[in-house]
Amino acid sequence: MNRSVSLLICGAIAISAAYAQPKPKSQKEIVALNALFSATTPDAQIAAAENLLTTFADTEFKSLALYMEADDYSRKGQFEKSIVFGEQALAADPQNYQAMLLLARQYAGHTTENDLDKEEKLTKAAKYANDAIAAVATAAKPNPGLADDKWDAIKKDYTSQAHEALGIIGDVRKKYDVSATEYKTALDGAQTPDPSVMVRYAIAEEHLGKFDDAIAMLDKAIADPNSQPAVKNYATTEKARATALKNATKK
């Protein structure tokens, strides 16, 4: 899910006149929550989360604050701390699908084929991803004021992220038929398909020898208006490689 959308929902929970669960217990807690939701840097948000958790030990926003810390540490590139806070968030609320998704992506994205504990980490990643799919399917709206169609779109993007994580797991295991299927599911289900997932899908198709499909998907990623420069450049490079591989098979 796009982080700005996530924060919008969090903010709506914090300042809505008719609070949905969870609920702040005092005006002081509302002030602390607003500081958390309005923080503009990872370090500022981590500090605000720690202040909330320390000052209001019984806050009903514990799992959310811990998840936000986990996400902040992920953005800071601190994988181990991200995992620690993600697992704490899930311990505080076993249905926290945002924490499940973060953990799935962290474990999948930080595992290589040469890791001695590769299968242990990938098994965890797959469990978190599948648990997230199940949790999102039955999740209630975080704010009653959120329109049904918007909530459905958000749920689709969450589910898409889970399938992307499963695709990454397939890549690490070199099971490219699995990863291609998962990436396609992620793209087909997303409200706004992610160009970086298009590139991952194309690379999986290359491994399967489906060069025309790969090139077509890379063209789509390059042309996508949401494609970041780094993704567009990588897709362009990958398209040249796929084209060369395709031509080599004709010789």
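All figures in this text were calculated on a predicted structure; none of them were measured in a lab.

**A few points about the overall build of the protein**
Alright, step 1. A tally of helices and strands in the protein yields 12 helices and 0 strands.
Alright, step 2. In sequence order, the protein lays out its α and β elements as α-α-α-α-α-α-α-α-α-α-α-α.
Alright, step 3. In terms of overall dimensions, the protein is globule-like: its C-alpha atoms have a radius of gyration of 20 Å, near the 18 Å expected for 251 residues.
Alright, step 4. Across the 251 residues in the protein, those meeting the buried criterion constitute 47%.
Alright, step 5. Accessible surface for the protein amounts to roughly 12600 Å². Of this, 54% is attributable to carbon and sulfur atoms.
Alright, step 6. Counting 30 positive and 34 negative side-chain charges, the protein places the averaged centre of each group 2 Å from the other.

**Section: helix α4 (residues 62-75)**
Alright, step 1. For α4, spanning 14 residues, the distance from its first C-alpha to its last is 20 Å, which sits close to the expected 20 Å at 1.5 Å a residue.
Alright, step 2. Most of α4 is tucked away: 11 of the 14 residues are buried.
Alright, step 3. Regarding α4, the residues found buried are Ser 63, Leu 64, Ala 65, Leu 66, Tyr 67, Met 68, Glu 69, Ala 70, Asp 71, Asp 72 and Tyr 73.
Alright, step 4. With its phi angle positive at about 80°, Gly 77 sits one or two positions after the end of α4.

**Structural notes on the pattern of salt bridges**
Alright, step 1. Considering all chains together, one arrives at 17 salt bridges under this definition.
Alright, step 2. Between Asp 43 and Lys 76 there is a salt bridge whose closest N-O contact spans 2.7 Å. With a gap of 33 residues between them, Asp 43 in helix α3 (residues 42-55) and Lys 76 in the loop between α4 and α5 (79-92) connect regions that are remote in the sequence.
Alright, step 3. Of the residues examined, Asp 43 reaches a relative accessible area of 48% and is grouped as partly exposed.
Alright, step 4. Here Lys 76 falls in the partly exposed class, since its relative accessible area comes to 33%.

**Brief notes about the packing of helix α6 (residues 97-109) against helix α8 (residues 148-172)**
Alright, step 1. Put simply, α6 and α8 touch, their axes get as near as 9 Å, and they point 25° apart. Relative to α8, the element α6 lies roughly parallel. The two elements α6 and α8 cross, and the hand of that crossing is left-handed. Listed contacts from α8 to Tyr 97, Gln 98, Leu 101, Ala 104, Arg 105, Ala 108 and Gly 109 of α6 are Trp 151, Tyr 158, Gln 161, Ala 162, Glu 164, Ala 165, Ile 168, Ile 169 and Val 172.
Alright, step 2. Counted by class, the contact of α6 with α8 contains 11 nonpolar, 3 polar and 2 charged residues.

**Some thoughts on the packing of aromatic side chains**
Alright, step 1. On inspection of all chains with the given rule, the structure shows 4 aromatic pairs.
Alright, step 2. Seen in terms of ring centroids, Phe 79 and Tyr 107 are 6.4 Å apart; in terms of plane orientation they differ by 85°. Their pairing is edge-to-face. A residue pair is termed long-range when its members are at least 10 positions apart, and Phe 79 in helix α5 and Tyr 107 in helix α6 qualify at 28 residues. By the burial criterion, Phe 79 is buried, and Tyr 107 matches it.
Alright, step 3. Aromatic rings pair up to connect Phe 79, Tyr 107 and Tyr 128 into one cluster.

**Some details on α3**
One full turn of an α-helix is made of 3.6 residues, so residues set three or four places apart face in the same direction.
Alright, step 1. For α3, with 14 residues, the first-to-last C-alpha span of 20 Å sits near the 20 Å given by 1.5 Å per residue.
Alright, step 2. Buried within α3 we find Pro 42, Gln 45, Ile 46, Ala 48, Ala 49, Leu 52 and Leu 53. Burial along α3 is one-sided: seen end-on, the buried residues are contained in an arc of 165°.

**As for the packing of helix α10 (residues 195-207) against helix α11 (residues 211-223)**
Alright, step 1. It is the contact of α10 with α11, at a shortest axis distance of 8 Å, that shows an interaxial angle of 165°. Put simply, α10 runs roughly antiparallel to α11. The two elements α10 and α11 meet at a crossing, and its hand is left-handed. Here Pro 195, Met 198, Val 199, Tyr 201, Ala 202, Glu 205 and Glu 206 of α10 come into contact with α11, specifically with Phe 211, Asp 213, Ala 214, Met 217, Leu 218, Lys 220 and Ala 221.
Alright, step 2. Class assignment of the residues belonging to the contact of α10 with α11 gives a composition of 10 nonpolar, no polar and 4 charged.

Analysis parameters
Residues numbered from 1 in each chain as written. Predicted model: local features only at pLDDT ≥ 70, side-chain atom pairs only at ≥ 80, totals over all residues. Heavy atoms only, no water. Helix = DSSP H or I, 4+ residues; strand = E, 2+ residues; numbered from the N terminus. Rg over C-alpha atoms; globule rule 2.2 N^0.38 Å. Buried < 20%, exposed > 50% of the residue type's maximum accessible area, 1.4 Å probe, protein only. Areas by Shrake-Rupley, 256 points an atom, 1.4 Å probe, with all protein chains shown as cover. Lys, Arg positive; Asp, Glu negative; His and termini not counted. Charge placed at Lys NZ, Arg CZ, Asp CG, Glu CD. Expected span 1.5 Å × (residues − 1). Salt bridge = Lys/Arg side-chain N within 4 Å of Asp/Glu carboxyl O. Axes fitted to C-alpha atoms, helices over the stretch in contact; angles between N-to-C directions. Parallel < 35°, antiparallel > 145°, perpendicular 65-115°, else oblique. Left-handed = near helix turned anticlockwise from the far one by under 90°. Contact = heavy atoms within 4.5 Å. Nonpolar A, V, L, I, M, F, W, Y, C, P; charged D, E, K, R; others polar. Phe/Tyr/Trp six-rings, centres within 6.5 Å; stacked < 30°, edge-to-face > 60°. Arc of directions from axis to C-beta.

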